[in-house]
Amino acid sequence: LSNEPIHIDDTLLRGRAAFDRRTGAFRIDDAVVVSGAVPYELSVGVLLPDYEREDHPASRVVAQVSMPKVGCQDMLASLPKGFAPQLEGFELSGTAEGQLAVLIDWDNLDATELNSALDFDSCHVVRAPHHMSAERLTGPFQHRVPVPGGWRTFLVGPENPDYVPLRSVSKNLTRSFLTTEDSAFYRHSGFITKEFQSALVKNLERGRFAYGASSISMQVVKNVLLSREKTVSRKVQELFLTWHMEAMLSKDRILEIYVNAIEFGPGLYGIGPAARQYFGKHPRNLNPVESAFLSSLLPAPTRRFRQYCRGRIGRTTSAKIERILGHMHKRHRLDEEAHALALETPLAFRGRKSALCRQTKPRKKGKTS
């Protein structure tokens, strides 16, 4: 749930539970969890594995949580202390209500269903703590990032010579990112709804949090406002802050922050340094193949950076670049002529090798005694 202790105070749980020892069916009915001033209605049905059942032989979980119309501030205050520390200090107005339901069939995870009916439209942020306020991202801000051997801070703004305004970034690159990371970026409100169910299935298959259904907006929040820990706590805070940021910033500004703040290699942040490092170019001059390569680095740039150090890309990356170019063409982000030309254009690294290549060079295998 969280890397830090969670304190549950002023919380009441009431309801009915039943367990059928013959069929392995466990149910919680008419349950209410009252946290602060908010009564959450809860129902859970579990068919445990290794039981013989005629009607429903599969092991499955069905759960539903409902929240009646309550004050948005009451909803926020109902979170246990320590669960969402970065949201402390936010003041909200308006009301909210919603319902979340999930069905998991352990014998057929592809049949998993995740449904939500959430209405937060009347919620508004009245006050936000400065360090978490999306308003401070409207102008230059300091960005603290991990680098090999420690941390460093750099300015995301025009005063930094490495900063690149969105208008000076090649359309090839932004269209490539939209294709690989968030095709509906300019149409949604920060969340790729259909991806949440897909991510849930993949996480259940792997038995851990490996996928987060992150839109570009969510990635900006994760990289700029939060840590990269994989916990339920961080994801909840990420969802809230994404909603807050989408209400405060334009889509172009969010994308501008994205290309200037994300990592393209170990300690290599922002498209300005990345385009110079890999191709010896300004970002405005990146061609479709170079742009597709930069997109292919995500979400593991510190590992995929090694291709550059070797001076060539592997067959897997080459095939991925072709797929990205194909999707760009299919989605009308690359016309027929440009697509054909891109397929014939080899990827050529022209940037000067950095000290990072010597640091990340794998050791040669030797004889063992």
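Structure's up top.
To start, this report covers the structure provided alongside it. All values derive from a computational prediction rather than experimental measurement.

### Remarks on the overall build of the protein chain
And then number 1: Within the protein chain one finds 13 helices and twelve strands.
And then number 2: Once the C-alpha set of the protein chain is aligned to its principal axes, its extents read approximately 65 × 55 × 50 Å.
And then number 3: Residues counted as buried form 43% of the 369 residues belonging to the protein chain.
And then number 4: Sequence-distant contacts, at least 24 apart, represent 62% of the contacts inside the protein chain between residues at least 6 apart.
And then number 5: Summing over all exposed atoms, the protein chain offers an accessible surface of approximately 20,900 Å²; the carbon and sulfur share of this is 51%.
And then number 6: Taking the average location of the 51 positive side-chain charges in the protein chain and that of its 40 negative ones, the two points are 13 Å from each other.

### So, a positive patch on the surface
And then number 1: Together, Arg187, Lys194, Lys330 and Arg331 make up a positively charged patch on the protein surface.
And then number 2: Structurally, Lys330 can be placed in helix H11 (residues 315-330).

### Quick look at the pattern of salt bridges
And then number 1: Here the structure, examined in full by the defined rule, presents eleven salt bridges.
And then number 2: Across the salt bridge formed by Lys251 and Glu246, the nearest N and O atoms sit 2.9 Å from each other.
And then number 3: The closest approach of N and O atoms between Glu290 and Arg350, which form a salt bridge, is 3.8 Å. Of this pair, Glu290 sits in helix H8 (residues 288-296) while Arg350 sits in the loop between helix H12 (336-343) and helix H13 (355-360); the two residues are 60 residues apart in sequence, bridging distant segments of the chain.
And then number 4: Of the residues examined, Glu290 reaches a relative accessible area of 3% and is grouped as buried.
And then number 5: Connected via shared salt-bridge partners are Arg234, Lys235 and Glu238.

About the cut-offs
Residues numbered from 1 in each chain as written. Predicted model: local features only at pLDDT ≥ 70, side-chain atom pairs only at ≥ 80, totals over all residues. Heavy atoms only, no water. Helix = DSSP H or I, 4+ residues; strand = E, 2+ residues; numbered from the N terminus. Buried < 20%, exposed > 50% of the residue type's maximum accessible area, 1.4 Å probe, protein only. Contact = heavy atoms within 4.5 Å. Areas by Shrake-Rupley, 256 points an atom, 1.4 Å probe, with all protein chains shown as cover. Lys, Arg positive; Asp, Glu negative; His and termini not counted. Charge placed at Lys NZ, Arg CZ, Asp CG, Glu CD. Patch = residues over 30% accessible without salt bridge, like charges linked within 9 Å, V, L, I, M, F, W, Y side chains within 5 Å. Salt bridge = Lys/Arg side-chain N within 4 Å of Asp/Glu carboxyl O.

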